[in-house]
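Summary of structural features
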Amino acid sequence: MEDINEIYQFIGEYLFTNLQNVEWNKITLNIEINDKYRGFKGFYLDNKNIEHDLGIIFSFDFGKKIKEFFQFTKEKNFTPYNRLIYTLEADGSFNMDFKWDQELQDAWDNNK
C-alpha cells in the first residue's frame, strides 16, 4: 500500500457496491483489529433515519486489505488503535476514526 487514500476509496467502494440495491443516507462500518484478529459489523441509516444491519458478508480479500492497511499504519507509526469507524455519507463524503479500546484489548489478551 503506497497511499492511505487507497484504503479509504476501497472501503467506500466496497460498501457502496454491496448496498447498491438499498436506499441509504449514511453507512457506518465498525472494524475491530489487531495483529491476530479482524472483526466487521455495521449499519446503515435509511431515508427515514432508521438503523438497519449492513447484512454484508465481508470477503477474504476485504479482510486481507484491512490487515494490510493495519500493517501500513503500524509501519508509518500511527498512534496505536484497535477500532476503526468508517462513515460514508450518501453524497460520497466519508470519515475514518481511529480509536484505542483498552477493554477490547484486555479481552483479546485474556483469550490467547
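What this report covers is the structure whose coordinates are included nearby. A quick note: this is a predicted structure, and the numbers were derived from the prediction, not measured.

Comments concerning helix α2 (residues 60-75)
- The end-to-end C-alpha distance of α2, which contains 16 residues, comes to 23 Å, matching closely the 22 Å that a straight helix rising 1.5 Å per residue would cover.
- Turning to α2, its buried residues are Phe62, Gly63, Ile66, Lys67, Phe69, Phe70, Phe72 and Thr73.
- Close packing links the buried residues of α2 with α1 (4-18), β1 (26-33), β2 (38-45), β4 (83-89) and β5 (94-99).
- Just downstream of α2, Asn77 is the residue with a positive phi angle, here 60°.

With respect to the packing of aromatic side chains
- For the coordinates displayed, the defined rule picks out 14 aromatic pairs.
- Note on Phe40 and Phe58: the rings are 5.1 Å apart at their centroids and 40° apart in plane angle, and the pair reads as tilted. Taken together, the positions of Phe40 in strand β2 and Phe58 in the loop between β3 (51-53) and α2 put the pair 18 residues apart, joining distant regions of the chain.
- You can call Phe58 buried: its relative accessible area is 16%.
- Consider the rings of Tyr81 and Phe98, whose centres lie 5.0 Å apart with planes at 80°: the pair is edge-to-face. Residue Tyr81 is located in the loop between α2 and β4, and its partner Phe98 is located in strand β5; the two are separated by 17 residues in the primary sequence.
- Since its relative accessible area comes to 28%, Phe98 is described here as partly exposed.
- Ring pairs connect the aromatic residues Phe10, Tyr14, Phe40, Phe58 and Phe62, which therefore count as one cluster.
- Lying over the aromatic face of Phe10, Lys65 brings its terminal NZ or CZ to 5.6 Å of the ring centre.

Observations regarding the side chain of Asn34
- Positionally, Asn34 belongs in the loop between β1 and β2.
- Separated by 2.7 Å, the side chain of Asn34 and the backbone nitrogen of Tyr37 make a polar contact.
- If we ignore the near neighbours within four places in the chain, the residues touching Asn34 are Lys67, Phe70, Gln105 and Trp108.

Concerning the environment of Leu54
- Its place among the elements puts Leu54 in the loop between β3 and α2.
- Taking the relative accessible area as the measure of exposure, Leu54 reaches 7% and is therefore buried.
- Along the sequence, Leu54 and Asn18 sit 36 residues apart, while their C-alpha atoms lie 8.9 Å from each other.
- For Leu54, the contacting residues outside a window of four places in its chain are Leu15, Leu19, Ile27, Thr28, Leu29, Gly42, Phe43 and Tyr44.

Conventions used here
- Sequence positions are assigned chain by chain, starting from 1 and proceeding in written order.
- In view of the model being predicted, local features appear only for residues whose pLDDT reaches at least 70, and side-chain atom pairs are presented and counted only at 80 or more, with totals across whole chains, interfaces and linings using the full set of residues.
- Think of the side-chain values as coming from all heavy atoms in the structure, minus any hydrogens and water.
- Each helix is a run of DSSP H or I of at least 4 residues and each strand a run of E of at least 2, with the numbering of both proceeding from the N terminus.
- An expected span of 1.5 Å times one less than the residue number is assigned to each helix.
- The classification of residues rests on relative accessible area computed with a 1.4 Å probe and restricted to protein chains. Under 20% of the type maximum is buried, over 50% is exposed, and intermediate values are partly exposed.
- When checking whether two residues touch, look at their non-hydrogen atoms; a contact exists if any pair is within 4.5 Å.
- Pairing of aromatic rings covers Phe, Tyr and Trp, the last counted by its six-membered ring, and requires centre-to-centre distances within 6.5 Å; plane angles under 30 degrees mean stacked, over 60 mean edge-to-face, and any other angle means tilted.
- For a lysine, the NZ atom is tested; for an arginine, the CZ atom; a charge sits over a ring if that atom is within 6 Å of the ring centre and within 35 degrees of the ring normal.
- In protein, a polar contact requires one atom able to donate a hydrogen and another able to accept it; more generally it is a pair of N or O atoms within 3.5 Å, and residues adjacent in sequence count only if both atoms are side-chain atoms.

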